[in-house]
Amino acid sequence: MKVHVLHTGDVHVSPYLPFGGDHCSILKASGLTSPKSRWMWFPVYCYLIEHPRGYILFDTGWHRDILPHGVYDKHAQIRSLGFRLLSCINQARLAAGEAVDEQLLSLGIKTQDLDYVLLSHLDCDHANGLKLVADAKHILVSDAEKQGTRHGGLTSRIRFCKRWWEDTKIRTFQWNIAEGPFKHGFDLYGDGSVMLIHLPGHSEGLCALKLTAADGRYILLYADGGYVTKSWQEMITSGIALNTQQQRTSLARIHEQSLDSRCVESLATHDSQVKPHTIILYKP
């Protein structure tokens with residue numbers, strides 16, 4: 001199994017969004033009350049997995065239409081994100097060649113060659129680029145996440161835009177294994193090699209992806225279960241959370257799994273300390 005860590009642009013947010021802590025308000029986390037001089041840029045990573053049974057993409061990053069010419073375009077960002085307020089909370093940066101379909105092509109892979117696109121959750125920096133890979137054979141997200149976009153009031157209506165995934169072949173999955181801190185998981189192939197583990201808190205159905213070799217060694221891709229490595233090291237919850245207690249429980253599990261001697265790498269989607277690289281877990 002081989003994992004390609006792909007840098008698919010960057011996101012500019014208030015520091016309170018990733019590091020707001022348990023008592024951060026949504027308004028504070030949004031950054032609308034913070035000067036832009038204090039905002040921070042974070043990478044947006046997606047992951048291509050070469051599995052013996054096919055190609056798997058975990059998350060999709062930004063769509064090219066958010067920066068059609070590779071430079072900031074306010075109106076393009078609003079159109080792509082679907083809500084003016086969301087474009088004020090998240091600013092995208094996406095250089096030429098960084099969109100997920102462009103990265104796949106550089107690896108000699110066509111989007112229709114993807115056997116699965118797995119979505120950790122449906123926030124913009126994870127699902128906005130979905131239509132770039134809409135011709136993948138299967139597109140999956142947890143049923144809990146899809147249901148979570150349909151309720152939650154104004155915050156959910158701003159946060160999630162169904163236009164990112166409508167008119168694609170996206171399907172939901174139900175939990176089929178008792179795995180993780182909430183005993184919810186999805187075993188893609190039924191052999192334990194590719195498992196989505198439910199880590200709610202940041203969103204209702206957020207999942208980490210755990211890739212496990214025959215000898216028990218594994219890679220943990222925990223998306224926004226923790227914004228960066230120090231999130232689980234110091235147990236810092238993010239400012240955007242539907243349930244802070246669940247988020248702390250999820251962080252504790254990431255902490256435990258990341259320190260396990262069998263863990264080859266443990267990666268967050270937005271960690272600036274991570275660089276694009278390839279991990280070989282085992283040779284089929």
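Structure first, text after, so check above.
Quick caveat: nothing in here was measured; it's all calculated off a predicted structure. (Residues numbered from 1 in each chain as written. Predicted model: local features only at pLDDT ≥ 70, side-chain atom pairs only at ≥ 80, totals over all residues. Heavy atoms only, no water.)

Right, let's talk about the overall build of the chain for a bit. In terms of regular secondary structure, the chain is built from ten helices and 13 strands. Relative to the 2.2 N^0.38 estimate, which gives 19 Å for 284 residues, the radius of gyration of the chain is 17 Å and therefore close to what a compact globule would have. Across its three principal axes, the chain shows a C-alpha extent of roughly 50 × 40 × 35 Å. By the burial criterion, 57% of the 284 residues in the chain qualify as buried. For the chain, long-range pairs separated by at least 24 residues make up 69% of all intrachain contacts whose partners lie at least 6 apart in sequence. Carbon together with sulfur atoms contributes 51% to the accessible area of the chain, which is approximately 11600 Å² in total. (Helix = DSSP H or I, 4+ residues; strand = E, 2+ residues; numbered from the N terminus. Rg over C-alpha atoms; globule rule 2.2 N^0.38 Å. Buried < 20%, exposed > 50% of the residue type's maximum accessible area, 1.4 Å probe, protein only. Contact = heavy atoms within 4.5 Å. Areas by Shrake-Rupley, 256 points an atom, 1.4 Å probe, with all protein chains shown as cover.)

This part takes up the sheet that holds strand β8 (residues 185-187). In spatial order, the strands read β8-β9-β10-β11-β12; together these five strands make up an open sheet with mixed pairing. Strands with a single pairing partner mark the edges of an open sheet, and in this sheet they are β8 and β12 (263-267). Averaged over all neighbouring strand pairs, the angle between strand axes comes to 15°, with direction disregarded. Bridge analysis of strand β11 (residues 218-221) against β12 gives four bridges, and the strand direction is parallel. Note that in β12 the partner of Tyr218 across the bridge is Cys263. (Pairing = 2+ DSSP bridges. Axes fitted to C-alpha atoms, helices over the stretch in contact; angles between N-to-C directions.)

To continue, consider helix α3 (residues 74-81). Looking only at α3, the buried set comprises Ala76, Gln77, Ile78, Ser80 and Leu81. In this structure Asp73 caps α3, since a side-chain oxygen of it lies 3.1 Å from the backbone nitrogen of His75. (Polar contact = N/O pair within 3.5 Å; in protein donor to acceptor, adjacent residues only side chain to side chain.)

With respect to the helices and strands, the residue Ser258 is situated in helix α10 (residues 244-259). Given the relative accessible area of 12%, Ser258 is considered buried. If we ignore the near neighbours within four places in the chain, the residues touching Ser258 are Leu220, Trp232, Cys263 and Ser266.

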